[in-house]
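Residues per chain, in single letters:
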Amino acid sequence: MPETNGAGKFLAAVRNALGAEAVNVTPETRHRYGENTMPAGDRIVSGVVYPGSTAEVETVIRLANEYRVPLWPISTGYNQGGGTRSPVKDGWVTVDCGRRMNAIIDIDDVLGWAEVEPGVTYQMLHDELVRRGSKLMLDTTSGPPGGGVLGNTLEKGAGYTPYFDHFAMSCGMEVVLGNGDVIRTGDGGLPGAKLWHVSKYSYGPYLDGLFVQSNFGIVTRLGFWLMPRPPAMRTFHFSFPDDDDLAEIVELVRPLKMSNLVPTLFRLTNDIYLYGAEETNPEYAATGGKAGISDAARRALQKKHGVGAWVASAALYGAGDDGLKPVVERIRQHFARSRKARYISHEEALGMVPLKIAIDAFAGIPTTHELGMLKWRPGGGFSWFVPGVPMRGDLARHYHALGRAIYAKHGLDYCVMNIAGARFARGLHMLFFNRENPEETARADRCYRELALEFSKAGYSVGRAPIDYHDLHMGELDPVIRKTASSIKSVLDPNGIIAPGKYGIA
Ligand SMILES: Cc1cc2nc3c(=O)[nH]c(=O)nc-3n(C[C@H](O)[C@H](O)[C@H](O)COP(=O)(O)OP(=O)(O)OC[C@H]3O[C@@H](n4cnc5c(N)ncnc54)[C@H](O)[C@@H]3O)c2cc1C
């Protein structure tokens, strides 16, 4: 098993300083912490450390500097499709911050914020709000409920309510830098600060952005805003029959978002993304996975699940159903401009399993349902590809045709949800492949790389990237970005001990 120089001595020093229970080097653990679903395969870590406090994170970083050992911090490690809990490279030491640092430190019911440690999951925070009978709700991802609020924010993750942008809704971090300093960003720099989790920009440069999708420090606390729970919510859904309808859907959605008539994001979900959690590719055995699912098989599944090639879903919030129904009716008339849209009411959608995920997401309820999609193809291979597209029908048509053709060329199944705001939509493309089949795995890797290069050539950049492709995406940007990030790295983490090379920053 690989081990970077000095990892053994470092782990012994951590054991000495923090106690035996803070270190695990069993072969099973070293393998488990390197498991992922990516084409490049599992990594093997040199060991795992479990700090129990900010002071213990400081100790781990001090010793890593002494022994020059690369660290890979995780919070809950539920980053499936992005690398799960695996580091970028073999031989690093994983710092599992969430195992012992998992307290909800505070919830301010009046001002609507929570202060959390790395191990606080969406499910934990949701359950705590319910337990307290709080009038607040959480914006959650539609991914694993065991995923962490802090880890997802550091990945620039998002949900679906008006509080969807998790980094925008974060306020005030505590970070142990690679150079050993501990910094509280924003107003946290003032002893006795009263504004740490309520005022975002404060005095001096805005530093919080340095710690998302980077490798300058280990974040140990985060302030996170919570939304008042509306007394009533009504979702609405419009199903469209054809793949090419995305352009028209985008044109219909944009004014509703620009005017803010609809407060949530729109989930513009294609058919496989809708029924994929319920089904497996019915043609996989016959084609040996060499071809994507046929249109005929897709039509049959669409019929079975009562959905078209696309469904656009969003929600309204208000004091009561009576006030919301007339607004839904206005939106219905707006969509009626398209002769192709079929309206699906909130009540009907409650009975449709694929749309129940959307309803839970708009209500801020964590759900395991979407994880079922990882079984669409056998073998467990799965990668996200997440470019954005401006909210213009002509561009959406181009972007969609480009993606669909590349998937088809590589014999994979085009599965995407575009999360639409006023000005752009983030396309959550799921790339499923049989990781037990080397030929299919290599094809999935080529597919991702072609998607990445063709989309960036067309001007559509990604919002985050799986561990196999950090360098690829950084290489697509003007080199001054990498150079600037590396300059910052050399000051905040001069020995390069925190995830060197992550996000292409060394
Ligand atoms: C089916 C499915 C649907 C999904 N839907 C969504 C969705 O709707 N929206 C969305 O945003 N995501 C979605 N995801 C992605 C995923 O759920 C989260 O992004 C994931 O849970 C990240 O949280 P985590 O705590 O597990 O992070 P981790 O895996 O612990 O870490 C994530 C990243 O942050 C870094 N990091 C973690 N902790 C620290 C720390 N303390 N200090 C410094 N760096 C740190 C890690 O190195 C890693 O790069 C989905 C996933 C699946 C499988």
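In this text the structure is predicted, and so the values were computed from the model without any measurement.

What counts, and at which threshold
Residues numbered from 1 in each chain as written. Predicted model: local features only at pLDDT ≥ 70, side-chain atom pairs only at ≥ 80, totals over all residues. Heavy atoms only, no water. Helix = DSSP H or I, 4+ residues; strand = E, 2+ residues; numbered from the N terminus. Rg over C-alpha atoms; globule rule 2.2 N^0.38 Å. Buried < 20%, exposed > 50% of the residue type's maximum accessible area, 1.4 Å probe, protein only. Contact = heavy atoms within 4.5 Å. Areas by Shrake-Rupley, 256 points an atom, 1.4 Å probe, with all protein chains shown as cover. Lys, Arg positive; Asp, Glu negative; His and termini not counted. Charge placed at Lys NZ, Arg CZ, Asp CG, Glu CD. Near = heavy atom within 4 Å. Polar contact = N/O pair within 3.5 Å; in protein donor to acceptor, adjacent residues only side chain to side chain. Pairing = 2+ DSSP bridges. Axes fitted to C-alpha atoms, helices over the stretch in contact; angles between N-to-C directions. Core = buried A, V, L, I, M, F, W, Y, C linked by side-chain atoms within 4.5 Å.

## Quick word on the overall build of the chain
When you go through the chain residue by residue, the secondary structure sums to 16 helices and 19 strands. For a compact globule of 506 residues, the expected C-alpha radius of gyration is about 23 Å, and the chain comes in at 23 Å, within 12% of that figure. Overall, the C-alpha framework of the chain stretches about 70 × 55 × 40 Å when taken along its three principal axes. When burial is assessed residue by residue, the chain has 58% of its 506 residues classed as buried. Of the contacts formed within the chain by residues at least 6 apart in sequence, a portion of 76% connects residues at least 24 apart. As displayed, the chain offers around 19,800 Å² of accessible surface, 55% of which is attributable to carbon and sulfur atoms. Each charge class in the chain was averaged separately, 55 positive and 55 negative side chains, and the resulting centres sit 2 Å apart.

## Focus: the site of the ligand
The immediate surroundings of the ligand are formed by 35 residues, with S75, T76, Y78, Y160 and R464 found nearest. One nitrogen or oxygen atom from the main chain of G143 is found 3.3 Å from a nitrogen atom belonging to the ligand. Contacts to the ligand include V219, whose backbone N or O atom sits 2.8 Å from a nitrogen atom. Relative to its free-state accessible area of 970 Å², the ligand is covered by the protein chains to the extent of 97%. Sorting the residues of the shell around the ligand by element identifies β3 (71-74), α5 (149-154), β10 (217-225) and β16 (381-385) as the ones contributing at least two each. Tallying contributions element by element places α5 first for the shell around the ligand, with four residues.

## A word on the sheet that holds strand β6 (residues 113-116)
Taking strand neighbours across the sheet as the criterion, the five strands line up as β5-β6-β10-β8-β9 in an open arrangement whose pairing is antiparallel. Since the sheet does not close on itself, it has two edges, and those belong to β5 (104-108) and β9 (182-184), each with one partner. Looking at each pair of strands side by side, their axes are set apart by 15 degrees on average, direction ignored. Where strand β8 (residues 170-177) and β9 come together, three bridges link them in antiparallel fashion. Paired with V176 across the two strands is V182, which belongs to β9. Helix-sheet contacts for helix α3 (residues 54-67) involve β8, β9 and β10, and the interaxial angle to β8 is about 40 degrees.

## Regarding the nonpolar core
Core analysis: the largest hydrophobic core is formed by 83 residues, its most contacted members being F10, L71, F236, F266, L268 and F335. For F10, the residues in contact, after removing those within four places along its chain, are V60, L63, A64, Y67, V69, L71 and V93. With 36 residues, the next largest nonpolar core counts M233, Y273, L301 and M352 among its residues.

## Some words on the environment of Y414
Looking at where Y414 falls in the secondary structure, it is placed in the loop between α13 (393-409) and β18 (415-420). Residue classification places Y414 among the buried positions, given a relative accessible area of 5%. The spatial distance from the C-alpha of Y414 to the C-alpha of T94 is 34 Å, given a sequence separation of 320 residues. Among residues more than four places away in sequence, those in contact with Y414 are N270, I272, H400, G403, R404, Y407 and H429.

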